[in-house]
Amino acid sequence: MGSLNKLSASQVICLMFLALNTHARTILLQDDFSTTSISNTFRAYESEFDGGWWKMTGYGTVTNSKWTIGSGVVSNASAVPAFGYPLSTAAESVLFQVFSNAAGSGDISVRFSFDYSIASGDKFYAHLWGYKGTVITPAGFVCNIEGSANGGLGNDEGSSGSGLDSFNMKDGATTGFGGAATAISGELTGSGTFLTEFRIIDLGIPGVETVDDLTYFLIAFAKEEDGTAGTTFVDNLILEAFPVQGTAIMIK
Ligand SMILES: [Ca+2]
Ligand SMILES: [Ca+2]
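Described below are features of the structure shown in this document. (Residues numbered from 1 in each chain as written. Chains lettered and ligands numbered in written order. Predicted model: local features only at pLDDT ≥ 70, side-chain atom pairs only at ≥ 80, totals over all residues.)

### Re the overall build of the protein chain
Applicable threshold: The helix count covers DSSP runs of H or I at least four residues long, the strand count covers runs of E at least two residues long, and both are numbered beginning at the N terminus. Residues with at least 20 other C-beta atoms within 10 Å of their own are called buried, those with 12 or fewer are called exposed, and the rest are partly exposed. The C-beta atoms themselves are positioned from the backbone. Remark: residues whose backbone-derived C-beta atoms lie within 7 Å of one another are considered to be in contact.
A tally of helices and strands in the protein chain yields two helices and 15 strands. Out of the 252 residues belonging to the protein chain, those deemed buried represent 41%. The long-range share in the protein chain, meaning contacts at least 24 apart out of those at least 6 apart in sequence, stands at 79%.

The structure is reproduced here in structure tokens:
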């Protein structure tokens, strides 16, 4: 955690408080990238939920995403410049997965953290969304990764055949999110540990008061490529829920 020297006294107290309560946590998703792999697709289809990591498949002028898992990290070394879709897909199209929410009825807070190292000159964004409702038949898709570029990920609610309601875990927004500016991480550069923690009720989502009121989560990683060489990687991802009522924090 390279930014500890920047913490205020209240943040340090909060972290100590949280450390005392980690025994009660529920792991929602954890990955050290030592055994997982990535499949190819071009939309986040509901039939692909709980199917692990996905990235853009190439066809026509759309290039294959270069996110890859190896040497214990997930990385992207493509330096295709940020001309946008379809040419920048190799570098900029998101890595994502959607998974069932394992939170218990007593879980009221969410913590999301990962280590990152961003190639010099590039920018990096992490998106965290939640879904309410159940998948209907025929299944639709919740977002289209085909055109994702410049750190963004399209939010396709309402036009994708999905019966789920989607929410940005950054601020509870129900629509209009997915651009780089709406990423829960904000813009990340350099290297360090990103950590954010929040009470689910503070998002102000009607009918979502505890973490288990959501049925699925989406995590997506996106970079904005500057066109110069360099590898960006992520490791030690943890999304967890717990019954502690802590103060909202964010550390980069
Ligand atoms: Ca690792
Ligand atoms: Ca670069």
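### Observations concerning unusual backbone geometry
Cis geometry marks the peptide bond from tyrosine 85 to proline 86; its omega dihedral reads 5°. Summarising the element assignment, proline 86 is placed in the loop between strand 6 (73–76) and helix 2 (89–92). The linkage connecting threonine 137 with the following residue, proline 138, adopts the cis geometry, with an omega of 0°. One can find proline 138 in the loop between strand 9 (123–132) and strand 10 (141–144). Positive phi, normally seen in glycine, also occurs at aspartate 50, with a value near 60°. Tracing the chain through its elements places aspartate 50 in the loop between strand 3 (43–45) and strand 4 (53–56).

### Quick notes on the environment of glycine 70
As for its placement among the helices and strands, glycine 70 is situated in strand 5 (residues 68–70). In this structure the C-alpha to C-alpha distance between glycine 70 and threonine 36, which are 34 residues apart in sequence, comes to 9.1 Å.

### A look at the environment of proline 86
Its 18 C-beta neighbours within 10 Å are what place proline 86 among the partly exposed residues. Residues proline 86 and glutamate 146 lie 60 residues apart in sequence; the distance between their C-alpha atoms is 8.0 Å. When near neighbours in sequence (up to four residues on either side) are disregarded, proline 86 contacts Thr61, Val62 and Thr63.

### Quick word on the nonpolar core
Applied cut-off: In this description, a nonpolar core means buried residues of the types Ala, Val, Leu, Ile, Met, Phe, Trp, Tyr and Cys, linked to one another by C-beta atoms lying within 7 Å.
Membership of the largest hydrophobic core comes to 57 residues, with the highest contact counts inside it found for Ala44, Phe96, Leu218 and Ala220. A total of seven residues in this core trace back to one element, the largest contributor, which is strand 13 (residues 216–224). The residues touching phenylalanine 96, leaving out its near neighbours within four places in the chain, are Ala44, Trp54, Ile145, Leu218, Ile219 and Ala220.

### Description of the environment of alanine 241
Position of alanine 241 among the secondary structure elements: in strand 14 (residues 232–242). In this structure, the C-alpha to C-alpha distance between alanine 241 and valine 110, residues 131 residues apart in sequence, is 4.5 Å. Beyond its immediate stretch of four places on either side in the chain, alanine 241 contacts Arg25, Thr26, Leu28, Ala103, Asp107, Ser109, Val110 and Val211.

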